[in-house]
Amino acid sequence: LYGTPLRCFVSGNVPNMMMAGRLASFSHVAFGSQRVMATCITHGQAAGTAAAYAVQNNMTPQDVAKNPEAVWSIQQQLLRDDQFVIGQVNQDPRDQALTAKISANSSQDGSPPEAVISGQTRAVFGKGGCASGQCLPGTNRWISNGLPGVLTLEFKEPVTIGQVEFVFDTGLHRMLSFTMMFAEREKQVWGRPQPESVKDYMVEVLPEGSQEWTVIVKEQDNYQRKRIHEVGFNTKCQSMRVTVTATNGVENARICEVRVYQVGECGKFPKKPDVLQKPELLLTPGGEEHEPLLKMAAPPEPKSWRETSEPIVA
């Protein structure tokens, strides 16, 4: 895996123009892998997000691509929208989950509750994944031992709950594509939700000074990976918990990320703070080993990052 610079989508001589997909600027060597449809889709999302930032901040695409703070903000928004950006993790200073104490009623080895704030929502380590030092190891998700699975966040300071966001496991390790190859088609799950996805769940908060939990979200028959709940709960809360009671197939809850934004702080494009809550991943051309951002127990090294025997990665 390798990243694509934002400047590849910005015209070098035509003001206020951006191009994505097969129209973007690449050498003939890079074009061989940049031209495929799955990659072009991510180009469109990235270019569209950058264009929105430019409009919101009254900047030209050329100025945006040259501004490190603007590029950082765009990368953070892409992460929030569940796109994977090599070498970057969630560092949004408004996300109250990042500083919360995370616990659960159960968890599997290598998939602890703290993984929901690792800042990365994919498992891309190992053969075929990112170069060493450009991603976090492990599954980067919490996996419970059975159902119901209960994940609890205790906030550092009482907060209001304006918006709650989840990224659920939807079996990204498994191919899902149109193909005439019968062997590949048999491995896919078509016409129904992916079995790893959370189906029924409930979100509760514990208001400051109270002993009774208040339900703010109750969802049934979910099959989506990214869920955003606009809550607008103005009462200060000391804790929040999500209870998963059913999935679309597997017998455990699987959550890749939880984000919590206070009332009035739910807007897009965070401003880069002077001091980041987490250090940035160290990127080196040689791919030397570096200390991971989050120390968590990693599962046994798979033969490939697309291991399919047990769907806990990707």
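Residues numbered from 1 in each chain as written. Predicted model: local features only at pLDDT ≥ 70, side-chain atom pairs only at ≥ 80, totals over all residues. Heavy atoms only, no water.

**Thoughts on the nonpolar core**
For soluble globular proteins, nonpolar side chains are generally found buried alongside one another.
Consideration 1: Leu151, Leu153, Ile161, Tyr201, Met240, Ile255 and Val258 are the most contacted members of the largest nonpolar core, which totals 30 residues.
Consideration 2: When contributions to this core are tallied by element, the ones reaching two or more residues are strand E3 (149-168), strand E4 (198-207), strand E5 (214-219), strand E6 (226-247) and strand E7 (254-261).
Consideration 3: If one sorts the elements of this core by residue count, E3 sits on top with eight residues.
Consideration 4: Aside from chain neighbours lying at most four places away, what touches Tyr201 is Phe166, Phe168, Val217, Lys218, Glu219, Asn222, Arg227, His229, Val242, Thr243 and Val244.
Consideration 5: Counting 18 residues, the second-largest nonpolar core is a separate cluster that includes Cys8, Phe9, Ala54 and Ile74. (Core = buried A, V, L, I, M, F, W, Y, C linked by side-chain atoms within 4.5 Å. Buried < 20%, exposed > 50% of the residue type's maximum accessible area, 1.4 Å probe, protein only. Helix = DSSP H or I, 4+ residues; strand = E, 2+ residues; numbered from the N terminus. Contact = heavy atoms within 4.5 Å.)

**Concerning helix H4 (residues 68-80)**
Consideration 1: Here H4 spans 18 Å end to end across 13 residues, near enough to the 18 Å set by a 1.5 Å rise per residue.
Consideration 2: Among the 13 residues in H4, ten count as buried, and that is most of the element.
Consideration 3: The distance from a side-chain oxygen at the start of H4 to the backbone nitrogen of Glu69 is 3.0 Å, and the residue carrying that oxygen is Asn67.
Consideration 4: Backbone geometry just downstream of H4 places Asp82 in the positive-phi region, at approximately 70 degrees. (Expected span 1.5 Å × (residues − 1). Polar contact = N/O pair within 3.5 Å; in protein donor to acceptor, adjacent residues only side chain to side chain.)

**Focus: the pairing of E4**
Consideration 1: Most of E4 sits out of view: eight of its ten residues are buried.
Consideration 2: Alignment of E4 against E6, held across nine bridges, turns out to be antiparallel. Counted as the bridge partner of Val198 is Thr247 from E6.
Consideration 3: Inspection of the sheet shows E4 paired to E5 by five bridges, in the antiparallel sense. Looking at E5, one finds that Tyr201 is bridged to Glu219. (Pairing = 2+ DSSP bridges.)

**Quick notes on the pattern of salt bridges**
Consideration 1: By the definition in use, this model includes eleven salt bridges.
Consideration 2: Asp92 is the salt-bridge partner of Arg94, the closest N and O atoms lying 3.0 Å from each other. You'll find Arg94 and Asp92 in the same group, each marked buried.
Consideration 3: In this structure, Arg241 engages Glu204 in a salt bridge whose closest nitrogen and oxygen atoms are separated by 2.8 Å. With Arg241 in strand E6 and Glu204 in strand E4, the pair connects residues that are 37 residues apart, well separated along the chain.
Consideration 4: Look at the salt bridges and you will find they share partners, linking Arg80, Glu165 and Lys226 into a network. (Salt bridge = Lys/Arg side-chain N within 4 Å of Asp/Glu carboxyl O.)

**Observations regarding the environment of Gln56**
Consideration 1: Position of Gln56 among the secondary structure elements: in helix H2 (residues 37-56).
Consideration 2: As a C-alpha pair, Gln56 and Phe269 span 213 residues in sequence and 9.5 Å in three-dimensional space.
Consideration 3: In this view, Gln56 contacts Lys268 and Phe269; residues no more than four positions away in its chain are not counted.

**Overview of the packing of H2 against H4**
Consideration 1: Between H2 and H4, whose axes approach to 10 Å, the crossing angle comes to 125 degrees. Comparing the axis directions of H2 and H4 gives the class oblique. For the crossing formed where H2 meets H4, the hand is right-handed. Facing Gln45, Ala46, Thr49, Ala50 and Tyr53 of H2, the residues of H4 in contact are Ala70, Ser73, Ile74, Gln77 and Leu78.
Consideration 2: The residue inventory of the contact of H2 with H4, partitioned by class, reads six nonpolar, four polar and no charged. (Axes fitted to C-alpha atoms, helices over the stretch in contact; angles between N-to-C directions. Parallel < 35°, antiparallel > 145°, perpendicular 65-115°, else oblique. Left-handed = near helix turned anticlockwise from the far one by under 90°. Nonpolar A, V, L, I, M, F, W, Y, C, P; charged D, E, K, R; others polar.)

**Details of H2**
Consideration 1: Helix length check: H2 (20 residues) gives 29 Å between terminal C-alpha atoms against 28 Å at 1.5 Å per residue, within 8%.
Consideration 2: Packing partners of the buried residues in H2 comprise helix H1 (28-34), helix H3 (61-66) and H4.
Consideration 3: Just past H2, the residue Asn58 takes up positive phi, approximately 55 degrees.

**Some remarks on a nonpolar patch on the surface**
Consideration 1: Nonpolar side chains collect at one region of the surface, where Leu176, Phe178 and Trp190 lie side by side and expose about 410 Å² of accessible area between them.
Consideration 2: By the secondary structure assignment, Leu176 is in the loop between E3 and helix H5 (182-185).
Consideration 3: Relative accessible area serves as the criterion here: at 46%, Leu176 is assigned to the partly exposed category. (Patch = residues over 30% accessible without salt bridge, like charges linked within 9 Å, V, L, I, M, F, W, Y side chains within 5 Å. Areas by Shrake-Rupley, 256 points an atom, 1.4 Å probe, with all protein chains shown as cover.)

**A few points about the side chain of Gln76**
Consideration 1: Looking at where Gln76 falls in the secondary structure, it is placed in helix H4.
Consideration 2: With a relative accessible area of 1%, Gln76 lands in the buried category.
Consideration 3: Looking at Gln76, its side chain comes within polar contact range of the main-chain oxygen of Val89, at 3.0 Å.
Consideration 4: What Gln76 contacts, discounting residues up to four positions off in sequence, is Val89, Asn90, Gln91, Asp92 and Pro270.

**So, the confidence of the model for the protein**
Consideration 1: Looking at the protein as a whole, its pLDDT mean stands at 88, while 88% of the residues score no less than 70.
Consideration 2: Here residues 282-313 is modelled with pLDDT under 50, and outside its nearest four sequence neighbours on either side it reaches 63 contacts, counting other chains as well. (pLDDT = per-residue confidence, 0-100.)

**A short note on the side chain of Asn252**
Consideration 1: Secondary-structure assignment places Asn252 in the loop between E6 and E7.
Consideration 2: Polar side-chain contacts of Asn252 include one of 2.8 Å to the side chain of Arg254.
Consideration 3: Setting aside chain neighbours within four positions, we find Asn252 in contact with Gln108, Ile143, Ser144, Gly146, Leu147 and Thr247.

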